[in-house]
Amino acid sequence: SSDPKFIKDNFYKLSKEFHPDLNKEDPSALNKFKEIVEAYEVLSNPDEKRRYDEYNGFSSKPKSSFARGRVSRRFNRGGLNERGQFVDDMGPPVMRDIQY
C-alpha cells in the first residue's frame, strides 16, 4: 500500500505541471490532467484503491467488478474536433474539495 502523503504530494506536483490553464499551448495537457485527477480519486480513497487493485490483479483475492455501483468516466469518448480542440462528451470532471 502506498503512503497517502506520497500520493498527495505527487498528485499536487503532477496536477500543477499538467493543469490546462497553465499549459494552454499543449492540447494534450487536458487529457493528462484528467487522468491524474482520476488516478488520485482512486488512490486517495482506500476502498476505491482496494477495488481497483482486486479488479486489476494486484490482490490475492479473486477479481471483482470494480465499476459495480460506481460511475466511471471514460475519457476516450471525446476527441478532437475539426479545429484540433479537445471535446469531452461527458463534460468536465467533478472535482472534490481538496484542502491544501
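Residues numbered from 1 in each chain as written. Predicted model: local features only at pLDDT ≥ 70, side-chain atom pairs only at ≥ 80, totals over all residues. Heavy atoms only, no water.

## Brief notes about the confidence of the model for the protein
Considering every residue of the protein, the mean pLDDT works out to 75; 57% of them sit at 70 or more. When the criterion is pLDDT under 50, residues 73–77 qualifies, and its contacts beyond four places in sequence or with other chains add up to 13 contacts. (pLDDT = per-residue confidence, 0-100. Contact = heavy atoms within 4.5 Å.)

## Topic: helix H1 (residues 4–17)
Along its 14 residues, H1 runs 20 Å from first to last C-alpha, staying within 8% of the 20 Å computed at 1.5 Å per residue. For H1, the complete set of buried residues consists of Ile7, Phe11, Tyr12 and Ser15. For H1, the arc enclosing every buried residue in end-on projection is 130°, short of the 170-degree limit, so these residues lie on one face. When the buried face of H1 is taken as reference, the exposed residues oriented beyond 90 degrees from it are Lys5, Phe6, Lys13 and Lys16. Packed against the buried residues of H1 are helix H2 (29–43). (Helix = DSSP H or I, 4+ residues; strand = E, 2+ residues; numbered from the N terminus. Expected span 1.5 Å × (residues − 1). Buried < 20%, exposed > 50% of the residue type's maximum accessible area, 1.4 Å probe, protein only. Arc of directions from axis to C-beta.)

## Some thoughts on the packing of aromatic side chains
Throughout the structure, instances matching the rule amount to two aromatic pairs. A centroid spacing of 5.7 Å and a plane angle of 50° characterise the contact between Phe11 and Tyr12, whose relative ring orientation is tilted. Judged by relative accessible area, which is 11%, Tyr12 ranks as buried. When the ring of Phe11 is compared with that of Tyr40, the centres are 4.1 Å apart and the planes differ by 15°; the resulting orientation is stacked. With Phe11 in helix H1 and Tyr40 in helix H2, the pair connects residues that are 29 residues apart, well separated along the chain. You can call Phe11 buried: its relative accessible area is 6%. Connected via pairs of aromatic rings, a cluster forms that spans Phe11, Tyr12 and Tyr40. (Phe/Tyr/Trp six-rings, centres within 6.5 Å; stacked < 30°, edge-to-face > 60°.)

## Let's talk about the nonpolar core
Core analysis: the biggest nonpolar cluster contains eight residues, these being Ile7, Phe11, Tyr12, Phe18, Phe33, Ile36, Val37 and Tyr40. Elements represented by at least two residues in this core include exactly H1 and H2. Tallying contributions element by element places H2 first for this core, with four residues. (Core = buried A, V, L, I, M, F, W, Y, C linked by side-chain atoms within 4.5 Å.)

## Section: the pattern of salt bridges
Enumeration according to the criterion identifies four salt bridges in this entry. One salt bridge connects Asp53 with Lys49, and the closest N-O pair in it is separated by 3.0 Å. One end of the pair is Asp53 and the other is Lys49, both in helix H3 (residues 46–55) and four residues apart, which spans about a single turn. Considered together, Asp53 and Lys49 belong to a single accessibility category, that of buried residues. With its nearest N and O atoms 3.4 Å apart, the salt bridge here joins Glu54 to Arg50. With Glu54 and Arg50 both in helix H3 and four residues apart, the pair spans about one turn of that helix. Accessibility expressed as a relative area gives 8% for Glu54, which makes it buried. Note on Arg50: relative accessible area 38%, which makes it partly exposed. (Salt bridge = Lys/Arg side-chain N within 4 Å of Asp/Glu carboxyl O.)

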